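# A structural walkthrough
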Amino acid sequence: MNNTQQNSINQNGKQILFRFLEENFPNTAEDLKQKIKKLTKLYFSVNAVINISALRTEDDVYIKHYLDALYPYKHFDGECADVGCGGGFPCLPLAIATGLSFFGIESVGKKLTLIKNCVDSKLVQNITPCHIRAEDLAKQGKQFDTVCARAVADTDKVLQYCAPLTKPGGKIVLYKSQSENPALQKTEIKLNVKLVELQDYTLPNTDIARRLFIYAKR
């Protein structure tokens, strides 16, 4: 990304996201804009004390956290889980925009502070922060209709975390860069999953290239 393109994003990040909301959530866009503004205030207040993310500018947060999280929203349904959710991305924007029930799973407790603050402030009530390792939650027998992960590990490794938490007939949504590859066939066989979609795309009005892997749980 050259300096001109980066500056364009920094100047217009909020407008780019709001346009996306208007186009994809026309009936609730105005309410969502207000909630996103409140989320942003909470994000910066938490990030000033606890380093939940390296993103320090508002417009980077609007693009690289919010828009990146929301772009594949149509792939989510039912009860959802975000494995290795960190500070709350992608699960927080998805919970706010879609209204679906989300569990934010994170092994480092302090990283869940933003989610907890969002719940405590009544900004969002359909998300549950879970201070637990994905492997341990799976051992408890908990499963979800849609499980996602972003920037957690390579595809083969992250599927090992996600597949046991996914109901048969459910799906796994992996946010990736376009340099990353699908899992090996032996991994699919071992975990009883199948790659059903590979989608390359560029976030609207940016040059940020992303790749989505959608796996079906047999």
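Criteria and cut-off values
The numbers attached to residues start from 1 for each chain and follow its sequence in the written order. The model is predicted, so local features are restricted to residues of pLDDT at least 70 and side-chain atom pairs to those at 80 or more, both for listing and for counting; the totals for chains, interfaces and linings are taken over all residues. No hydrogens and no water enter the side-chain calculation; it runs on all heavy atoms of the structure. Labels follow the DSSP assignment, with helices taken as runs of H or I lasting at least four residues and strands as runs of E lasting at least two, numbered in each case from the N terminus. Contacts are residue-level and defined by heavy atoms, with any inter-residue pair within 4.5 Å sufficient. Note on classification: 1.4 Å probe, protein chains only; a residue is buried when its accessible area is under 20% of the maximum for its type, exposed when over 50%, partly exposed between these limits. When a carboxyl oxygen of Asp or Glu is within 4 Å of a side-chain nitrogen of Lys or Arg, the pair counts as a salt bridge. Only when DSSP finds a minimum of two bridges between them are two strands counted as paired. Every angle, taken between N-to-C directions, lies between 0 and 180 degrees, and every axis is a line fitted to C-alpha atoms, over only the stretch in contact when it is a helix.

## Observations concerning the side chain of Thr40
Topologically, Thr40 is positioned in helix α2 (residues 29–47). Residues in contact with Thr40, not counting those within four places in the same chain, are Glu58, Tyr62 and Tyr66.

## Topic: the environment of Tyr66
By secondary structure assignment, the location of Tyr66 is in helix α3 (residues 58–70). Residue class for Tyr66 comes out buried when judged on its relative accessible area of 0%. Put simply, Tyr66 and Pro168 are 102 residues apart on the chain and 29 Å apart in space, counted from C-alpha to C-alpha. Discounting chain neighbours no more than four positions away, the residues touching Tyr66 are Leu17, Ile36, Leu39, Thr40, Tyr43, Val61, Phe89 and Pro93.

## A few points about the pattern of salt bridges
Tallied over the full model, the rule gives 14 salt bridges. Of the charged contacts, one joins Asp68 and Arg150 as a salt bridge, the two residues approaching to 2.7 Å between their closest N and O atoms. Here the residue Asp68 occupies a position in helix α3, and Arg150 occupies one in strand β4 (residues 144–150), the gap between them amounting to 82 residues. A single burial state applies to Asp68 and to Arg150, both of which are buried. In this structure, Arg211 engages Asp200 in a salt bridge whose closest nitrogen and oxygen atoms are separated by 2.7 Å. Here the residue Arg211 occupies a position in strand β7 (residues 209–217), and Asp200 occupies one in strand β6 (residues 193–202), the gap between them amounting to eleven residues.

## A few points about the sheet that holds strand β5 (residues 166–176)
Sheet strands associate in pairs through backbone hydrogen bonding, adopting either a parallel or an antiparallel arrangement. The strand order across the open sheet built from seven strands is β3-β2-β1-β4-β5-β7-β6, with neighbouring strands paired in mixed fashion. With one partner strand each, in any of the chains shown, β3 (127–131) and β6 form the two edges of the open sheet. Recorded for the sheet is a direction-independent mean angle of 20° between the axes of neighbouring strands. Sitting on the sheet, helix α7 (residues 155–162) touches β1 (80–83), β4, β5, β6 and β7, and the angle it makes with β5 is about 145°.

## Re the pairing of β5
Looking at chain direction, β4 and β5 are connected through six bridges and run parallel. When the sheet's bridge partners are listed, Cys148 is paired in β5 with Val173. The pairing of β5 with β7 spans six bridges and is classified as antiparallel. Residue Lys171 lies in a different strand from β7, and its bridge partner there is Ala216.

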